[in-house]
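# What the coordinates show
Next come the chains, spelled out residue by residue.
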Amino acid sequence: MKTKTKIRFADLPKDYPGLCRVFLPRPVHDAVDYANVAEVADAMALPFGEGEFDIVASALVLHFIPDRAKGLSEMKRVTRRGGIVAGYTWERASTENGAPYAPMMRGLRAIGAEVMSSPTVPEASLDGLQAALATARVENIEVTKVEATQTFRDFDEYWRIQTLTLSPAGKSVAKLNDNEPNRLRNTFRTTVPIAAVG
């Protein structure tokens, strides 16, 4: 039996369907008309009706929302009763950074470079996220820590990905002057764990 599925992306560029491949099963991804489902929207005032969706998810966005309680309340508002409100973000605090670009940021600091950073918010911890969801009156709350390890073909692949200007670390590298990128690269190479297979 076929069912009709409605997918909407808020604040996602219309020319960036590749990101969605990470989150959606392949058959669903291939069936989506991305030109008609993406739009720029305010996370604190979603342009959707009450109970319009079965699942509402936030991917690495919570720490950018000025009023997270309002943003979570909006996610709950547009989710049908009994639906799922879901999301994830990097675990970050003033003394700890679980983002994958954290080693690059440490390397930037080691050479005395200016380091850009996204906001550190209470919702970047399990307790903080639990409290925020409770404040938004989300029911049957479950929060968990997911640890993942990513490997790269070689240092060059790691460097190329970490210097993309999609993250604070990549934007910081882009602002380096003259020979600073080479200095960072040489310094950084000595601090990145190398797998036994190279």
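Use the structure listed above.
Here's what I pulled together on the structure shown here.

How each quantity is defined
Residues numbered from 1 in each chain as written. Predicted model: local features only at pLDDT ≥ 70, side-chain atom pairs only at ≥ 80, totals over all residues. Heavy atoms only, no water. Buried < 20%, exposed > 50% of the residue type's maximum accessible area, 1.4 Å probe, protein only. Helix = DSSP H or I, 4+ residues; strand = E, 2+ residues; numbered from the N terminus. Arc of directions from axis to C-beta. Contact = heavy atoms within 4.5 Å. Polar contact = N/O pair within 3.5 Å; in protein donor to acceptor, adjacent residues only side chain to side chain. Salt bridge = Lys/Arg side-chain N within 4 Å of Asp/Glu carboxyl O. Phe/Tyr/Trp six-rings, centres within 6.5 Å; stacked < 30°, edge-to-face > 60°.

### Digging into helix H3 (residues 68–77)
Because each turn of an α-helix spans 3.6 residues, side chains separated by three or four positions end up pointing in the same direction. Turning to H3, its buried residues are Arg-68, Gly-71, Leu-72, Glu-74 and Met-75. The buried residues of H3 occupy one face: seen down the axis, they fall within an arc of 155 degrees. Elements that come into contact with the buried residues of H3 comprise strand E3 (53–59), strand E4 (79–88) and helix H5 (126–135). Capping of H3 at its N-terminal end is provided by Asp-67; its side-chain oxygen lies 3.3 Å from the backbone amide nitrogen of Ala-69.

### What about the side chain of Ser-172?
Mapping Ser-172 onto the fold places it in helix H7 (residues 168–174). A polar contact of 2.9 Å, which involves the side chain of Ser-172, links it to the backbone oxygen of Pro-168. When neighbours within four sequence positions are excluded, Ser-172 is seen to be in contact with Leu-108, Glu-114, Val-115 and Met-116.

### Things to note about the pattern of salt bridges
With the rule as written, the count across this model stands at nine salt bridges. The residue Lys-175 makes a salt bridge to Glu-114 at a minimum N-O spacing of 3.8 Å. Taken together, the positions of Lys-175 in the loop between H7 and helix H8 (180–189) and Glu-114 in the loop between helix H4 (102–110) and H5 put the pair 61 residues apart, joining distant regions of the chain. Its relative accessible area of 48% is what places Lys-175 among the partly exposed residues. Between Arg-185 and Asp-156 there is a salt bridge, and its shortest N-O distance comes to 2.2 Å. Note that Arg-185 is positioned in helix H8 and Asp-156 in helix H6 (residues 155–162), a separation of 29 residues in sequence. A cluster of three or more residues bridged by salt bridges with shared partners is formed by Glu-91, Lys-145 and Glu-147.

### Notes on the environment of Ser-118
For Ser-118, the location among the structural elements is in the loop between H4 and H5. The sequence separation of Ser-118 and His-63 amounts to 55 residues, and the corresponding C-alpha distance is 7.5 Å. When residues no more than four places from it in sequence are discounted, the contact partners of Ser-118 are His-63, Phe-64, Arg-92, Tyr-101 and Pro-168.

### A closer look at the environment of Ala-59
Within the secondary structure layout, Ala-59 lies in strand E3. The spacing of Ala-59 and Ala-86 is 27 residues in sequence and 8.7 Å in space, taken between C-alpha atoms.

### Concerning unusual backbone geometry
At Arg-137, a residue that is not glycine, the phi angle is positive and equals roughly 65 degrees. Structurally, the position occupied by Arg-137 is in the loop between H5 and H6. Backbone geometry at Asp-178 places phi at a positive 50 degrees, although glycine is not the residue there.

### Here we look at the packing of aromatic side chains
If you walk through the whole model with that rule in mind, you get three aromatic pairs. Both rings, one in Phe-48 and one in Phe-53, keep their centres 5.1 Å apart while their planes meet at 85 degrees; by these two values the pair is edge-to-face. Residue classification places Phe-53 among the buried residues on the basis of a relative accessible area of 10%.

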